[in-house]
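Architecture at a glance
Each chain, letter by letter, is given below.
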Amino acid sequence: MAVKVLIPTPLQKLTNDQATVECNGETIGALLESLEANCPGIKARLCDEQGKLRRFVNFYVNSEDIRFLDNENTPLKDGDEVSIIPAIAGG
Amino acid sequence: MTATYTKTSQSAFEALQCKECGAEYEPKATHVCELCFGPLEVKYDYDWLRKTVTRETIQAGPNSIWRYRPFLPVATDNVIDVGTGMTPLLQANRLARRLGLKKLYIKNDAVNMPTLSFKDRVVSVALSRARELGFTTVSCASTGNLANSTAAIAAHAGLDCCVFIPSDLEAGKVLGTLIYGPTVMAVHGNYDQVNRLCSEVANTHGWGFVNINLRPYYSEGSKTLGYEVIEQLGWQLPDHIVAPLASGSLFTKIYKGFKEFVEVGLVDEKAVRFSGAQAEGCSPIAKAFQEGRDFISPVKPNTIAKSIAIGNPADGVYAVDIARKTNGNIESVNDAEIVEGIKLLAETEGIFTETAGGTTIAVLKKLVEAGKIDPEETTVAYITGNGLKTQEAVQGYIGEPFTIEPKLDSFERALERSRTLDRLEWQQVLV
């Protein structure tokens, strides 16, 4: 099962300048582990010391904010697109 | 990553700094901390400002936001000055009496230049900086006012412009953007979806997005709403301010503006209470405040107050923090109250504001009625946009003209009818 992950500019140094990465994972939480295995160091940037997603980073599954879904337990299926987007923008 | 920027003789800004973890960055087109995703803010040399800037040097400057130039993040003399700022601070005696306040002021950015909203402040700063950074195309994600302003000031500055808006905006806001000749992308979706798209586009075409990769510079422009109120009150701070909350940025920057003038000795320190206004149909910040949370749960907006309909507000947590620590409040009002707020300001003070201003006035009224604003407090309500842009919101609630023949008796009959209607409250009658 493959999920396409869109990587924001501040993290592309960890993905060899790639804007998208293919990953696996049944949920957002599992996807984070898969991302970390592919791009070591990336999880510490996305999560705080307690392992929770940082408050200034937003995750979207097929364009829907995971806070409208099931947060880190949001299920993923083959072909889903996950966007990681800095929360600070707009207004 | 340490900044190596050299400040010029007329500007005190040094670097960008993460508001969360303190990491410093060179002042380029970047808005997010690479380490923790926190927002980047402009850092200044306040010692230098304290030695250099006086009330007199400010008063000798232009009659625009650029009189505060040392406090703004531009490095050259080549700023874009289209007369933005120094809008009236009106003592609102009739509205004050109606509400039961003694000293109420309206900061009237409904007549800001060139596009009749506070956004001209932030865009003047952002595009001045964009030019310094070498951008030739500028862009934004907008609920309408920002698109108007970015398109107009880009036209003046000779910059190419592409703006993104939700496709369901008021006609006046769309027309008021198209007239300046930018490319307009009307996105099927709400503002938060537009904003997310722009966040993905921001670094792909080499454009300067005023409220994304230029956001640290852009947002500083709102500080001038704090500086001007201090100067126009005779170099004093008010006791209480009420402002609309969309992303929360404006609110936090008024606070920063007040703090900075205290810090450099331009005004005596005093506690100022900060109260924020949201529309009930999009009130994630008010909800977080009322529920005692330190995080924002996003919402899907449904309100006539489209200009402040941001369901996922970037600076929401900071706005909540400021309201709490200044002993202020964050309150929301429904669409009917917003229309009443627009009418109340128009009928008592002769100011026609848009839905965001109606929200602010309605919340002001609600806070006074709840005893959350003391009648003795010197209170400033920030009116940030113009009613001519959101005519749809009040259509049907403001009566109609009496259509008459060019004859005296037709006029007399209509006048009699108007007096009757005044007594009965207005209802639709053909004359």
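Residues numbered from 1 in each chain as written. Chains lettered and ligands numbered in written order. Predicted model: local features only at pLDDT ≥ 70, side-chain atom pairs only at ≥ 80, totals over all residues. Heavy atoms only, no water.

1. Describing a nonpolar patch on the surface
As a reminder, the rule being used: Patch membership requires over 30% relative accessible area and the absence of a salt bridge. Like charges are linked within 9 Å, and nonpolar side chains (Val, Leu, Ile, Met, Phe, Trp, Tyr) within 5 Å. Only the protein chains shown count as cover for residues, with accessible areas throughout obtained via the Shrake-Rupley method and a probe of 1.4 Å. We count a salt bridge whenever a side-chain nitrogen from Lys or Arg sits within 4 Å of a carboxyl oxygen from Asp or Glu. Strands are runs of DSSP state E lasting at least 2 residues, helices are runs of H or I lasting at least 4, and numbering of each runs from the N terminus.
On the surface, I404, L408 and F411 of chain B cluster together into a nonpolar patch covering about 290 Å² of accessible area. Locating F411 of chain B in the fold gives a position in helix 15 (residues 408-424).

2. Describing helix 4 (residues 119-132) of chain B
Residues and elements named next belong to chain B. Let me state the cut-off plainly: One less than the residue count of a helix, multiplied by 1.5 Å, gives the span that helix is expected to have. The buried label goes to any residue with under 20% of its type's maximum accessible area, the exposed label to any with over 50%, and the partly exposed label to all in between, with areas taken from a 1.4 Å probe on protein chains only. Here, two residues are considered to be in contact whenever any of their heavy atoms come within 4.5 Å of each other.
With 14 residues, helix 4 extends 20 Å between its outermost C-alpha atoms, agreeing within 8% with the 20 Å of an ideal straight helix rising 1.5 Å per residue. Of all the 14 residues making up helix 4, twelve are buried; the element is thus mostly covered by neighbouring parts of the structure. Listed in full, the buried residues belonging to helix 4 are K119, D120, R121, V122, V123, S124, V125, A126, L127, S128, R129 and A130. The secondary structure elements touched by the buried residues of helix 4 are strand 1 (13-18), strand 5 (103-108), strand 6 (137-141), helix 5 (145-157), helix 8 (215-220) and helix 9 (223-232). Within two residues after helix 4, G134 carries a phi angle of roughly 90 degrees, on the positive side.

3. Let's talk about the interface of chain A and chain B
To keep things clear, this is the line we draw: Once two parts are joined, some of their accessible surface, as seen by a 1.4 Å probe, is lost; buried area is that loss totalled over both. The definition of a polar contact used here is a pair of N or O atoms within 3.5 Å, where within protein one atom must be able to donate a hydrogen and the other to accept one, and adjacent residues in sequence count solely through side-chain atom pairs. In the scheme used here, Gly and all other residues not listed as nonpolar or charged are polar, with Ala, Val, Leu, Ile, Met, Phe, Trp, Tyr, Cys and Pro taken as nonpolar and Asp, Glu, Lys and Arg as charged.
The partner chain B presents 32 residues to the 27 residues of chain A that form the contact. Taking both partners together, chain A and chain B bury about 2500 Å²; carbon and sulfur atoms supply 56% of that area. If you sort the residues of chain A by the area they bury against chain B, F56, I88 and G91 of chain A come out on top, with a joint share of 27%. Applying the counting criterion to the chain A and chain B interface returns three salt bridges. Two residues, E64 of chain A and K300 of chain B, come together in a salt bridge whose shortest N-O distance is 2.6 Å. Counting every contact that joins chain A to chain B gives 15 residue pairs in polar contact (both at pLDDT 80 or more). Residue classes in the side of chain A that touches chain B are distributed as 14 nonpolar, six polar and seven charged.

4. Observations regarding the nonpolar core
We apply this condition: What makes a nonpolar core is a set of buried Ala, Val, Leu, Ile, Met, Phe, Trp, Tyr and Cys residues whose side-chain atoms join them at distances within 4.5 Å.
Counting residues in hydrophobic clusters, the biggest one holds 109 residues, and the most contacted among them are L46 and F59 of chain A together with I241 and F261 of chain B. Among residues more than four places away in sequence, those in contact with F261 of chain B are I58, Y68, F71, Y227, I230, W235, L266 and V267 of chain B. Judged by nonpolar contacts, the second largest core, of 46 residues, contains V194, V201, A277 and A362 of chain B.

5. Examining the packing of aromatic side chains
Residue and element names in this part refer to chain B. For clarity, the threshold we go by: Pairing of aromatic side chains here covers Phe, Tyr and the six-membered ring of Trp, requires ring centres within 6.5 Å, and sorts the geometry by plane angle: under 30 degrees stacked, over 60 edge-to-face, intermediate tilted. By definition, being over a ring means that NZ of Lys or CZ of Arg is both within 6 Å of the ring centre and within 35 degrees of the ring normal.
For the structure shown, the criterion picks out 13 aromatic pairs over all chains. Taken together, a centroid distance of 5.7 Å and an interplanar angle of 65 degrees make the contact between F258 and F274 edge-to-face. Here F258, found in helix 10 (residues 249-263), pairs with F274, found in strand 11 (residues 273-279); they are 16 residues apart in sequence, far enough to count as distant. Overall, the relative accessible area of 4% leaves F258 in the buried class. Ring pairing ties together the aromatic residues Y68, F71, Y227, W235 and F261, which thus form one cluster. Directly above the ring of F295 sits R293, whose terminal nitrogen or CZ lies 5.2 Å from the centroid.

6. Brief notes about the pattern of salt bridges
When charged atoms on two side chains of opposite charge get close, those side chains can pair. Residue and element names in this part refer to chain B. Within the structure shown, the criterion is met by 34 salt bridges over all chains. Note that K270 is salt-bridged to D239, the shortest N-O span being 3.1 Å. Pair noted here: K270 is in the loop between helix 10 and strand 11 and D239 is in the loop between helix 9 and strand 10 (240-244), with a separation of 31 residues, a long-range link. Judged by its relative accessible area of 35%, K270 is partly exposed. One salt bridge in this structure joins D409 and R413, with 3.6 Å as the shortest N-O distance.

7. Describing the confidence of the model for chain B
Residues and elements named next belong to chain B. We count it as follows: Note on scores: pLDDT gives the predictor's confidence for each residue, bounded by 0 and 100.
In this model, chain B carries an average pLDDT of 95, and 96% of its residues clear a pLDDT of 70 or more. Here residues 1-7 is a poorly scored stretch, pLDDT under 50, and it has 19 contacts once near neighbours within four places are set aside; other chains count. In the predicted assembly, ipTM is 0.93 and pTM is 0.95.

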